[in-house]
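# Architecture at a glance
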Amino acid sequence: MEKKATSNETEPLTSKKDVSDCSKGEDCKENGLLVRNPKSALRLVEDGNKVHPSQGDKGEAAQISNGYSGVQSSGPCNGEVEDAQGTAPAATTTTTTTTSTTCGAEAQQQLMELEDRETWSKKIDFLLSVIGYAVDLGNVWRFPYICYQNGGGAFLIPYTIMAIFGGIPLFYMELALGQYHRNGCISIWRKICPIFKGIGFAICIIDLYVASYYNTIMAWAFYYLISSFTAELPWTSCTNPWNTGNCTNYFSKDNVSWSPHSTSPAEEFYTRQVLQVHRSNGLDDLGGISWQLTLCLLLIFTIVYFSIWKGVKTSGKVVWVTATFPYIILFVLLVRGATLPGAWRGVLYYLKPDWQKLLATEVWVDAAAQIFFSLGPGFGVLLAYASYNKFHNNCYQDALVTSTVNCLTSFVSGFVIFTVLGYMAEMRNEDVSEVAKDTGPSLLFITYAEAIANMPASTFFAIIFFLMLLTLGLDSTFAGLEGVITGVLDEFPHVWGKRRKLFVLGLTIICFLGSLATLTFGGAYVVKLFEEYATGPAVLTIVFLEAVAVSWFYGITQFCNDVKEMLGSAPGWYWRVCWVAISPLFLLFVTCSFLSNPPELRLFDYDYPYWTTVVGYCIGTSSIIFIPIYMVYRLVITTGTLKERILKSITPETATEIPFGDIRMNAV
């Protein structure tokens, strides 16, 4: 038996019967809408199908939704909507906006598709997922290398400054946007600034690029993991079929001489057995596909699929392992590294400050780039993950906790790496700078792998180390693909809303096929090219435009009011200044520095030809080109004069529903 809401009792405005009644054009007097105008005034509208906008209303009110859903307000249907300024079809000039029966049917369909938006089972699921996304392979190899290269302990000063004024504010901004509007990276722009919707499509393209090469690095780690299940690790001797005459094992008991042409067993295992780069002549001759790496990658994508196919309910449980296991292993490796002879030499080299470095612009650029790519705004992941939060979740606290954990993990990882490098230098009787020449993945797969091979209980430490690399990479892959999945499903709910498993399957197959070029004998050259060009300047550009769109078009005051509705208090002046000026300038600074000095790529003994710079910029541009294309498209399809088209294109076109007691309130 239905109960009607009284002054002391509120009925959830959610039954499908009510929605059906509304769709038939009948009055929904028992299901009032709370409509907020830009001045935050609230009006109770007694008619569920007719909205009488006051002057200054930004858009039409949405149908009330069921539960905690992300249903958006419907836009004009069939051209039968008139605005308060009198822009109406020729048939009428009334100032009342009337939703037709067709609109009601479409609203009902939206309710049926999106009424139960999934939420995290527990708060800790969300925190572990964000931490797992932010803490990835780059924290282990990139930060230690960047730190000692740019002044050791002195580098922590620009790194901290860039984190406080650039990285963390942008991280917080994306979490707040996703949690308030409850949409993925594409459809969220209808509620912020529609003309920037191309940002969402660009983000999806970038995420696909990352999935195509990042998982290949995990396939290398998986190959190492399988190879570690032996009594003697295969990269400890020079007696294997893949070894050359230059192979020199200076850890052997025999006295050996190290010449400029000497190579270690670990280097030859990595280059000649795992990658097989000797069978490729470079980017213009990649060679065949390695079937071993192909099988490794296929297994990785299988794990990824069954971890994310059902949404955050399942991935939120998987990250309990993939996000926490690396910290256990890091602690074990840190303790082991600290007990090795010569470990102090590595720590001293890691932290010894070179204050003169702070005067170099490159150090500040590297600090800004490191904190930005470490925290990871601009990939749509933070928007997607936060969109599954409860409305009043304290995303401010989440931003501070997760970003702090991420930065501390990078710092501690440096000790894990450099204690071992100090041990290597002690064994070789060389300076740490000579041992630490390897950068990027080579630091893990050659230098660190070689050190592990010459430790007591080497098999055990090799297994847990490469298992740690796998778990670090997996939850970052979960996150990247979830950014695409949430974005597409929220934008096309009528197509994919009930077919998530099928869409995720198609997406993983596309990513696997896109990775085939990186599985060739010259695949490492492709990985390096994509790593440098596919994400760097493109993501920086995207987040710059995102910050500008939110702060200057949507409005910093409106955004802070949104945060206040969620958290109960508005962000202070520090956050406002960062969002409006400091963070965009921070992004512009890093982007211009990158574009003015493109990296000269070199991998092993291969110097990338000049044309790869052009190819690299084409890859980067192929994603962000969607932003101006959509802007032009938006202006073309919008009616009115040029000024009217621009104004309509920068004005939010749909409402954001927020909880208000047991009913839904539309923020427009």
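Cut-offs and rules
- Residues numbered from 1 in each chain as written.
- Predicted model: local features only at pLDDT ≥ 70, side-chain atom pairs only at ≥ 80, totals over all residues.
- Heavy atoms only, no water.
- Helix = DSSP H or I, 4+ residues; strand = E, 2+ residues; numbered from the N terminus.
- Buried < 20%, exposed > 50% of the residue type's maximum accessible area, 1.4 Å probe, protein only.
- Areas by Shrake-Rupley, 256 points an atom, 1.4 Å probe, with all protein chains shown as cover.
- Phe/Tyr/Trp six-rings, centres within 6.5 Å; stacked < 30°, edge-to-face > 60°.
- Lys NZ or Arg CZ within 6 Å of the ring centre and 35° of its normal.
- Disulfide = S-S within 2.5 Å.
- Salt bridge = Lys/Arg side-chain N within 4 Å of Asp/Glu carboxyl O.
- Arc of directions from axis to C-beta.
- Contact = heavy atoms within 4.5 Å.
- Axes fitted to C-alpha atoms, helices over the stretch in contact; angles between N-to-C directions.
- Left-handed = near helix turned anticlockwise from the far one by under 90°.
- Expected span 1.5 Å × (residues − 1).
- UniProt positions renumbered as here; feature names shortened; annotations may be inferred.
- Polar contact = N/O pair within 3.5 Å; in protein donor to acceptor, adjacent residues only side chain to side chain.
- Patch = residues over 30% accessible without salt bridge, like charges linked within 9 Å, V, L, I, M, F, W, Y side chains within 5 Å.

## Side note on the overall build of the chain
Tallying secondary structure elements over the chain gives 25 helices and eight strands in all. For the chain, with 668 residues in total, the buried portion stands at 57%. As displayed, the chain has an accessible area near 27,300 Å², and 62% of this comes from carbon and sulfur atoms.

## Observations concerning the packing of aromatic side chains
Enumeration according to the criterion identifies 55 aromatic pairs in this entry. Between Trp 120 and Tyr 385, the aromatic rings sit 5.3 Å apart at their centres with planes inclined by 75°, giving edge-to-face as the arrangement. Linking Trp 120 in the loop between helix H2 (101-114) and helix H3 (123-134) with Tyr 385 in helix H13 (residues 381-387), this pair joins segments that are 265 residues apart in sequence. Across the pair, Tyr 385 and Trp 120 agree in class, each one buried. Relative to Phe 155, the ring of Phe 143 has its centre 6.3 Å away and its plane inclined at 55°; by these criteria the two rings are tilted. You can see Phe 143 sitting in helix H4 (residues 137-149) and its partner Phe 155 sitting in the loop between H4 and helix H5 (156-181), a full 12 residues away along the chain. A residue is classified by how much of its surface remains accessible, and Phe 143, at 0% relative accessible area, is buried. For Phe 155, a relative accessible area of 0% corresponds to the buried category. Every member of this aromatic cluster is reached through a ring pair, and the members are Trp 220, Tyr 223, Tyr 224, Trp 235, Trp 242, Phe 269, Tyr 270, Phe 445, Tyr 448, Phe 465, Phe 466 and Phe 604. If you follow Lys 501 out to its NZ or CZ, it ends over the ring of Trp 309, 4.6 Å from the centre.

## With respect to the state of the cysteines
Evaluation of the coordinates by the stated rule reveals one disulfide. Disulfide partner of Cys 238: Cys 247, at an S-S distance of 2.0 Å. In this structure the cystine formed by Cys 238 and Cys 247 twists about its S-S bond by roughly -75°; its chirality is therefore left-handed. Take Cys 204: it sits in no disulfide, and the sulfur closest to it among the cysteines is that of Cys 185, at 3.9 Å. Owing to a relative accessible area of 8%, Cys 204 belongs among the buried residues under this scheme.

## Points about the pattern of salt bridges
Counted according to the given criterion, the structure contains 12 salt bridges. Between Glu 491 and Arg 190 there is a salt bridge; the shortest N-O distance is 3.0 Å. Remark: Arg 190 occurs in the loop between H5 and helix H6 (198-227) and Glu 491 occurs in helix H17 (residues 458-491); sequence separation between them is 301 residues. Residue class for Glu 491 comes out buried when judged on its relative accessible area of 12%. Exposure remark for Arg 190: the relative accessible area of 13% places this residue in the buried category. The salt bridge partner of Arg 634 is Glu 653, with a shortest N-O separation of 2.6 Å. With a gap of 19 residues between them, Arg 634 in helix H24 (residues 626-637) and Glu 653 in the loop between helix H25 (642-649) and strand E7 (656-660) connect regions that are remote in the sequence.

## Describing the environment of Val 130
Along the chain, Val 130 falls in helix H3. Sequence spacing of Val 130 and Ala 399 is 269 residues, and the spatial spacing of their C-alpha atoms is 9.3 Å.

## Some words on helix H11 (residues 343-351)
Within H11, the full set of buried residues consists of Ala 343, Gly 346 and Tyr 350. Burial along H11 is one-sided: seen end-on, the buried residues are contained in an arc of 65°. Where the residues of H11 are buried, they touch H4, helix H10 (325-338), helix H14 (395-428) and helix H15 (432-435).

## Section: unusual backbone geometry
Not every positive phi belongs to a glycine, and Ala 457 is a case in point at roughly 55°. As for its position among the elements, Ala 457 is in the loop between helix H16 (441-453) and H17. Backbone geometry at Phe 604 places phi at a positive 55°, although glycine is not the residue there. Mapped onto the elements, Phe 604 comes out in the loop between strand E5 (602-603) and strand E6 (606-607).

## What to know about the packing of H10 against H17
Helix-helix packing is characterised by the crossing angle of the two axes and by the distance between the axes. Taken N-terminus to C-terminus, the directions of H10 and H17 make an angle of 140°; their axes are 9 Å apart at the nearest point. Helix-helix and strand crossings are classified by hand; for H10 and H17 the assignment is left-handed. Where H10 approaches H17, its residues Phe 325, Pro 326, Ile 329, Leu 330, Val 332, Leu 333 and Arg 336 are matched on the opposing element by Phe 461, Ile 464, Phe 465, Leu 467, Met 468, Thr 471 and Leu 472.

## Notes on helix H23 (residues 611-624)
Over its 14 residues, H23 runs 21 Å from end to end, which matches the ideal 20 Å to within 8%, given 1.5 Å per residue. The complete set of buried residues in H23 reads Thr 612, Gly 616, Ile 619, Gly 620 and Ser 623. The buried residues of H23 occupy an angular sector of 90° when projected down its axis, which confines them to one face. Check the buried side of H23 and you find it contacts H6, helix H20 (523-533), helix H21 (536-567) and H24.

## Section: the UniProt feature "binding site: Na(+)" (unreviewed entry) in the chain
The sites that carry the UniProt feature "binding site: Na(+)" (unreviewed entry) are, in the present numbering, Gly 132, Ala 134, Val 135, Asn 139, Ser 374, Asn 406, Leu 472, Asp 475 and Ser 476. Maximum C-alpha separation among the annotated residues is 14.1 Å over a sequence range of 345 residues, consistent with a single clustered spot. With respect to the helices and strands, Val 135 occurs in the loop between H3 and H4. Contacts of Val 135, omitting those with residues within four sequence positions, involve Tyr 327, Asn 406, Thr 409, Leu 472, Asp 475 and Ser 476. Relative to the helices and strands, Asn 406 is located in helix H14.

## Side note on the environment of Thr 294
Within the secondary structure, Thr 294 sits in helix H8 (residues 291-308). Look past the residues within four positions of Thr 294 in its chain and what remains in contact with it is Ile 289, Phe 512 and Leu 519. Of the polar contacts made by the side chain of Thr 294, one reaches the backbone oxygen of Ser 290; its length is 2.7 Å.

## Focus on a nonpolar patch on the surface
Residues Ile 157, Ile 161, Ile 164, Phe 165 and Trp 355 make up a contiguous nonpolar surface patch of roughly 440 Å² in combined accessible area. Among the structural elements, Trp 355 can be located in the loop between H11 and helix H12 (361-375).

## A closer look at the side chain of Thr 322
Relative to the helices and strands, Thr 322 resides in helix H9 (residues 312-322). Assessed through its relative accessible area of 5%, Thr 322 is described here as buried. A distance of 3.5 Å separates a polar atom in the side chain of Thr 322 from a polar atom in the side chain of Asp 475. Beyond its immediate stretch of four places on either side in the chain, Thr 322 contacts Thr 471, Leu 474, Asp 475 and Phe 478.

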